[in-house]
Amino acid sequence: HGDELGLQKWSERQVKWQQNYKKSNFSKVSQTLFWELYNNLIDKTEIYFAQLNNGILDDSGKNHEYTLKLNKSSIKPDFIDLKQKKIIEFDGTYWHRKNPENKKREDYRDRCILEIGYSILHVNEQDFKTNKQECIDKCIKFLSE
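An account of the accompanying structure is given in this report. (Residues numbered from 1 in each chain as written. Predicted model: local features only at pLDDT ≥ 70, side-chain atom pairs only at ≥ 80, totals over all residues. Heavy atoms only, no water.)

## Some thoughts on the sheet that holds strand β8 (residues 119-124)
Two pairing modes exist for strands in a sheet, parallel and antiparallel, and in both the strands are linked by backbone hydrogen bonds.
For step 1, the next point in the chain: One open sheet holds the four strands; their spatial order is β1-β6-β7-β8, and the pairing between them is mixed. Unpaired on one side and paired on the other, β1 (47-49) and β8 mark the two borders of the sheet. The average undirected angle you get between the axes of adjacent strands in this sheet is 15 degrees.
For step 2, the next point in the chain: Of the pairings in the sheet, the one linking strand β7 (residues 86-91) to β8 comprises six bridges and is parallel in character. Among the inter-strand pairings, Ile-88 is bridged to a residue of β8, identified as Leu-121.
For step 3, the next point in the chain: Where helix α2 (residues 28-40) meets the sheet, it contacts β1, β6 (79-81), β7 and β8, and its direction lies at approximately 150 degrees from that of β7.
For step 4, the next point in the chain: Helix-sheet contacts for helix α3 (residues 100-115) involve β7 and β8, and the interaxial angle to β8 is about 145 degrees. (Pairing = 2+ DSSP bridges. Helix = DSSP H or I, 4+ residues; strand = E, 2+ residues; numbered from the N terminus. Axes fitted to C-alpha atoms, helices over the stretch in contact; angles between N-to-C directions. Contact = heavy atoms within 4.5 Å.)

## Focus: the nonpolar core
For step 1, the next point in the chain: The biggest cluster of nonpolar side chains holds 20 residues, and the ones touching the most others in it are Leu-33, Phe-34, Leu-37, Phe-49, Phe-79, Ile-88 and Val-123.
For step 2, the next point in the chain: Counting only elements with at least two residues in this core, the list comes to α2, β1, β7, β8 and α5 (132-144).
For step 3, the next point in the chain: Apart from residues no more than four positions distant in its own chain, Phe-79 is found in contact with Phe-34, Leu-37, Leu-41, Ile-47, Tyr-48, Phe-49, Lys-86, Ile-87, Ile-88 and Leu-143.
For step 4, the next point in the chain: In this structure, Leu-68, Leu-70, Leu-82 and Ile-87 belong to the second largest nonpolar core, which totals eleven residues. (Core = buried A, V, L, I, M, F, W, Y, C linked by side-chain atoms within 4.5 Å. Buried < 20%, exposed > 50% of the residue type's maximum accessible area, 1.4 Å probe, protein only.)

## Describing the packing of aromatic side chains
Within a pair of aromatic rings, the relevant descriptors are the distance that separates the centres and the angle that separates the planes.
For step 1, the next point in the chain: The full count for this structure, using the stated rule, is nine aromatic pairs.
For step 2, the next point in the chain: Considering the side-chain rings of Phe-34 and Phe-90, the 6.4 Å spacing of their centres and the 80 degrees angle between planes classify their relative orientation as edge-to-face. Of this pair, Phe-34 sits in helix α2 while Phe-90 sits in strand β7, placing them 56 residues apart in sequence. Residue Phe-34 shares its accessibility class with Phe-90, and that shared class is buried.
For step 3, the next point in the chain: Between the aromatic rings of Phe-90 and Phe-128, the centroid separation amounts to 6.0 Å while the plane-to-plane angle is 80 degrees, which identifies the pairing as edge-to-face. With a gap of 38 residues between them, Phe-90 in strand β7 and Phe-128 in helix α4 (residues 125-130) connect regions that are remote in the sequence.
For step 4, the next point in the chain: You can call Phe-128 buried: its relative accessible area is 1%. (Phe/Tyr/Trp six-rings, centres within 6.5 Å; stacked < 30°, edge-to-face > 60°.)

## Some words on α3
For step 1, the next point in the chain: Taking 1.5 Å per residue as the helical rise, α3 with its 16 residues ought to reach 22 Å, and the 23 Å between its terminal C-alpha atoms agrees with that figure.
For step 2, the next point in the chain: Within α3 the residues assigned to the buried category are Asn-102, Glu-106, Asp-110, Cys-112 and Ile-113. Angular distribution of buried residues about the axis of α3 spans 160 degrees; they occupy a single face of the element. For α3, exposure combined with an orientation more than 90 degrees from the buried face picks out Pro-100, Glu-101, Lys-104 and Glu-115.
For step 3, the next point in the chain: Where α3 is buried, its residues contact β5 (74-75), β7 and β8.
For step 4, the next point in the chain: Where α3 terminates, the next one or two residues include Gly-117, which has phi positive at roughly 90 degrees. (Expected span 1.5 Å × (residues − 1). Arc of directions from axis to C-beta.)

## Re the side chain of Asp-81
For step 1, the next point in the chain: By the element assignment, Asp-81 lies in strand β6.
For step 2, the next point in the chain: Put simply, Asp-81 is tucked away with no salt bridge, and the nearest opposite charge, on Lys-83, sits 7.4 Å away.
For step 3, the next point in the chain: In this view, Asp-81 contacts Glu-46, Ile-47, Lys-86, Tyr-118 and Leu-143; residues no more than four positions away in its chain are not counted. (Lys, Arg positive; Asp, Glu negative; His and termini not counted. Salt bridge = Lys/Arg side-chain N within 4 Å of Asp/Glu carboxyl O.)

Encoded structure:
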């Protein structure tokens, strides 16, 4: 297909896959944080995370994360505020283990997010488990800046 057409076809397949694969792995621990943040927000419009379905808790396992188009691909951020262009990524112990490939992939993903004008904050699962209130406060500060 060549570089340009090949990238276009790949992007179209990614979007189609994400739209058809409604159940997705997401951390229940992360949802605890995100509900706490959501309940503390004044403006709840244009907020998306896995268990939030039009302002209501959906614990069916269906994933309601927003699909954000980047320059050459798309992603599903863990928590996104579209109005403020802010993303919170919950770095769980299992999926974000320390290995060079994960780090390279996440750094690239962060650069792509920043390129389209979004701010990003990473929250480590172990930090959240150790000091929930500190993490909540950090996220609320990030979202209100």
